[in-house]
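Coordinates in review
Here are the chains, one letter per residue:
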Amino acid sequence: MSRVYNFSAGPACLPEEVLREAAEEMLDYRGCGMSVMEMSHRSSVFQNIIDEAEADIRKLMAIPDNYKVLFLQGGASQQFAAVPMNLMKNGVADYIVTGQWAKKAAKEAEKYGTVHVLASSEDKTFSYIPDCSDLDVDDNADYVYICENNTIYGTKFHTLPNTKGKELVADVSSCFLSEPVDVSKYGVIYGGVQKNVGPAGVVIAIIREDLIRDDLPKDVPTMLKWKTQADAGSLYNTPPCYGIYICGKVFKWIERQGGLAGMKEKNEKKAALLYDYLDESRLFHNPVEKGSRSMMNVTFVTGDEALDKEFVKEAAAAGFVNLKGHRSVGGMRASIYNAMPYEGVEKLVAFMKEFEAKH
Ligand SMILES: *Cc1c(COP(=O)(O)O)cnc(C)c1O
């Protein structure tokens, strides 16, 4: 067996410890005689798995008691519709557009009401986070929406926007559980887990209870009402059982890394190693404004498309895979999520130095 260093933006690498534990429990989960994939979601064994997962993420993120934690399906993209469906009362929402994911979310919300784009960084190919300290927030806005870490461009909000009292909704898909977070600053935090938390198929939504309403328009599908899932403890229908089980294992793994504070320290070290090299390199260059850099997704280019291609190819042959940038921006991207070991980044930088010396 030989494992590669997988820099994929998502689905992405998972902690090896978690994969080994799952492998050990594959045929017989703790004496049940079956795998978690094969058991009823109504069984007490599975109920324990989901209860423990919820308790563990609550502890990790210090989620206040007046927030619900939902384990959903449909990807982050389905929440692009669920957010306006559940939150629009006045039919107005404000979006900050810092990349394709925020743009898609805004476009989806337009189906349900009036959308204002409060700020955008599209003028410079989303290479920075705009100043959001004094935005023209609409008096009627039901919420202000951000994509907190922009997976494709490698940018991150380091200061949350001043929403002037409106609810903040954040898509945290690619920075979930990467550092401590003050949940009370948000109305809704949600993310697909396949970037930093678990296998594809699960979306975790953390929603303040008073935003979980029953008085929605009649045509809102039952499955898209947060109330349906909240009342049923995420078990209204069959949930993504195996994915939730793996997320639970990842929560425990993060706890062993020192919780979110420990995770942040490790992530900062990895990111600094790569950015410091990019800043001194004469071949590679990070196109993001310094104050907006993401700790999770690090983008870089040589300025020569053919050379970028050559780099991605040679890197893959050396065991550093999925370094190709998103198809919409080109270049390279190293996603260095929680599960990427320091050693992986160290070896990547050594490989990049060798490549630089040759070209
Ligand atoms: C990957 C990603 C999405 C889309 O996730 P799906 O689960 O595929 O719908 C949305 N937002 C962000 C920030 C992402 O990185």
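The text that follows walks through the structure, step by step, so that each part is easy to find. Quick caveat, the model's predicted, so the values are computed rather than measured.

**Observations concerning the side chain of Ser-281**
Position of Ser-281 relative to the elements: it lies in the loop between helix H7 (259–280) and strand S11 (297–300). According to the relative accessible area criterion, Ser-281 is buried, its value standing at 11%. One polar contact links the side chain of Ser-281 to the main-chain amide nitrogen of Leu-283, over a distance of 3.0 Å. For Ser-281, the side chain forms a polar contact with the main-chain nitrogen of Phe-284, separated by 2.8 Å.

**Some details on the pairing of strand S8 (residues 168–171)**
Covered by surrounding structure in S8 are Leu-168 and Ala-170 together with Val-169 and Asp-171, the residues of both alternating faces. Where strand S5 (residues 144–147) meets S8, four bridges bridge the pair, whose relative direction is parallel. Opposite Cys-147, over in S8, you have Asp-171 as the bridge partner. Here S8 runs beside strand S9 (residues 188–192); their pairing, made up of three bridges, is parallel. Pairing of Val-169 across the sheet is with Val-188, part of S9.

**Observations concerning the site of the ligand**
Close to the ligand lie Gly-75, Ala-76, Ser-77, Phe-80, Trp-101, Cys-147, Asn-149, Thr-151, Asp-171, Ser-173, Gln-194 and Lys-195. The backbone of Ala-76 places a nitrogen or oxygen atom 3.0 Å from an oxygen atom of the ligand. Between the ligand and the protein, one listed contact pairs a nitrogen atom with a side-chain N or O atom of Asp-171 at 2.6 Å. The protein chains hide 86% of the 390 Å² of surface that the ligand would expose on its own. In terms of residues, the shell around the ligand owes the most to one element, helix H3 (residues 75–87), which gives four residues. Of the residues belonging to the shell around the ligand, the class tally is four nonpolar, six polar and two charged.

**Some words on the sheet that holds strand S10 (residues 203–208)**
The strand order across the open sheet formed by seven strands is S2-S10-S9-S8-S5-S3-S4, and the pairing between neighbours is mixed. For this open sheet the edge positions go to strand S2 (67–72) and strand S4 (114–120), each flanked by a neighbour on one side alone. Averaged over all neighbouring strand pairs, the angle between strand axes comes to 20°, with direction disregarded. Relative to S10, S2 runs antiparallel, the two being bridged by six bridges. When the bridges of S10 are listed, Lys-68 appears paired with Ile-207. In the packing of helix H4 (residues 100–109) onto the sheet, contacts are made with strand S3 (92–97), S4, S5 and S8, and the angle to S3 comes to roughly 165°.

**Describing H7**
Under the 1.5 Å per step criterion, the end-to-end length of H7 is 32 Å for 22 residues, consistent within 8% with the ideal 32 Å. For H7, the complete set of buried residues consists of Gly-259, Leu-260, Gly-262, Met-263, Asn-267, Lys-270, Ala-271, Leu-274, Tyr-275, Tyr-277 and Leu-278. Those residues of H7 hidden inside the fold are in contact with helix H2 (44–61), helix H6 (241–256), S11, strand S13 (332–335) and helix H9 (342–358).

**So, the pattern of salt bridges**
Here the structure, examined in full by the defined rule, presents 24 salt bridges. The salt bridge partner of Arg-256 is Glu-21, with a shortest N-O separation of 3.6 Å. In this pair, Arg-256 is assigned in helix H6 and Glu-21 in helix H1 (residues 16–24), connecting sequence segments 235 residues apart. Between Glu-268 and Lys-264 there is a salt bridge; the shortest N-O distance is 3.6 Å. Placement of both Glu-268 and Lys-264 in helix H7 is noted, with a separation of four residues, approximately one turn of the helix. For Glu-268, a relative accessible area of 38% gives the class partly exposed. On the basis of relative accessible area, Lys-264 is assigned to the partly exposed category, the value being 29%.

**Some points on the environment of Asn-297**
Tracing the backbone through its elements, the reader meets Asn-297 in strand S11. Those residues within four positions of Asn-297 in sequence are excluded, and the remaining contacts are Asn-149, Thr-151, Gly-154, Ser-174, Tyr-275, Arg-333, Ala-334, Ser-335 and Tyr-337. A polar side-chain atom of Asn-297 sits 3.0 Å from a polar atom in the side chain of Ser-335.

**Focus on the packing of aromatic side chains**
Enumeration according to the criterion identifies 16 aromatic pairs in this entry. Between Phe-320 and Phe-351 the ring centres are 5.4 Å apart and the planes differ by 40°, which places this aromatic pair in the tilted class. Of this pair, Phe-320 sits in strand S12 (residues 320–321) while Phe-351 sits in helix H9, placing them 31 residues apart in sequence. Per residue, the accessibility class of Phe-320 equals that of Phe-351, and both read buried.

**Here we look at the environment of Leu-283**
As for its placement among the helices and strands, Leu-283 is situated in the loop between H7 and S11. Exposure remark for Leu-283: the relative accessible area of 13% places this residue in the buried category. Sequence spacing of Leu-283 and Ala-357 is 74 residues, and the spatial spacing of their C-alpha atoms is 9.0 Å. With near-sequence residues (within four places) excluded, Leu-283 lies in contact with Val-301, Thr-302, Leu-307, Phe-355, Glu-356 and His-359.

Calculation rules
Residues numbered from 1 in each chain as written. Predicted model: local features only at pLDDT ≥ 70, side-chain atom pairs only at ≥ 80, totals over all residues. Heavy atoms only, no water. Helix = DSSP H or I, 4+ residues; strand = E, 2+ residues; numbered from the N terminus. Buried < 20%, exposed > 50% of the residue type's maximum accessible area, 1.4 Å probe, protein only. Polar contact = N/O pair within 3.5 Å; in protein donor to acceptor, adjacent residues only side chain to side chain. Pairing = 2+ DSSP bridges. Near = heavy atom within 4 Å. Areas by Shrake-Rupley, 256 points an atom, 1.4 Å probe, with all protein chains shown as cover. Nonpolar A, V, L, I, M, F, W, Y, C, P; charged D, E, K, R; others polar. Axes fitted to C-alpha atoms, helices over the stretch in contact; angles between N-to-C directions. Contact = heavy atoms within 4.5 Å. Expected span 1.5 Å × (residues − 1). Salt bridge = Lys/Arg side-chain N within 4 Å of Asp/Glu carboxyl O. Phe/Tyr/Trp six-rings, centres within 6.5 Å; stacked < 30°, edge-to-face > 60°.

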